[in-house]
Each structure stands twice: as C-alpha cells, then as structure tokens.
Amino acid sequence: MTATPTDRKVSVMSAWAETLARSAHFTLDRMDSALNRTEEKIAQVREKIVRRDREFQRLLRTP
C-alpha cells in the first residue's frame, strides 16, 4: 500500500509537532532553571539583609 498525499502531510505535520514540542520543552526547562537560580539569589539577598539588620540592631543596643 502506498502512502497518499494526505498520509504524507499528516506525517510531516506530526514531525513538525514533535519538533515544536521538544523545542518548547527545552525552552521551558531553561526558563525553569533561570527561575530557580533567581529564587536562590533572592533567598541569598534576603539572608544577607536579615543578617545586616540583626547586626545593626545589635549595634544600636550596644552602649
């Protein structure tokens, strides 16, 4: 049985859909990694602010 033009079109469209899905998944993975790095950096900055605030409060209480 030979493939009809419709079969070939469906096959090509399926291949494109798979390619687009892989590309989107890769992009989402990269965005997720970037978001995780940003969240980690924010947590580090918050910790630094808390430490400095505690030190500042300690210095204010010291006569």
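This one's a predicted model, so the numbers in the text were calculated from it and none came from an experiment.

Bringing the overall build of the protein into the picture now. A count of helices and strands for the protein gives one helix and zero strands. Its C-alpha atoms give the protein a radius of gyration of 27 Å, more than 25% over the compact-globule value 11 Å for 63 residues. Here the C-alpha coordinates of the protein stretch approximately 95 × 10 × 10 Å along the principal axes. Out of the 63 residues in the protein, the part that is buried amounts to 0%. Total accessible area on the protein is roughly 6,300 Å²; 60% of this is exposed by carbon and sulfur atoms. Across the protein, 13 positive and 9 negative side-chain charges occur, with their mean positions spaced 7 Å apart.

Turning next to a nonpolar patch on the surface. Taken together, the side chains of Val12, Trp16 and Leu20 present a nonpolar region at the surface, about 350 Å² in accessible area. With respect to the element layout, Val12 can be found in helix H1 (residues 5–61). The exposure class of Val12 is partly exposed, given its relative accessible area of 48%.

The rules behind the values
- Residues numbered from 1 in each chain as written.
- Predicted model: local features only at pLDDT ≥ 70, side-chain atom pairs only at ≥ 80, totals over all residues.
- Heavy atoms only, no water.
- Helix = DSSP H or I, 4+ residues; strand = E, 2+ residues; numbered from the N terminus.
- Rg over C-alpha atoms; globule rule 2.2 N^0.38 Å.
- Buried < 20%, exposed > 50% of the residue type's maximum accessible area, 1.4 Å probe, protein only.
- Areas by Shrake-Rupley, 256 points an atom, 1.4 Å probe, with all protein chains shown as cover.
- Lys, Arg positive; Asp, Glu negative; His and termini not counted.
- Charge placed at Lys NZ, Arg CZ, Asp CG, Glu CD.
- Patch = residues over 30% accessible without salt bridge, like charges linked within 9 Å, V, L, I, M, F, W, Y side chains within 5 Å.
- Salt bridge = Lys/Arg side-chain N within 4 Å of Asp/Glu carboxyl O.

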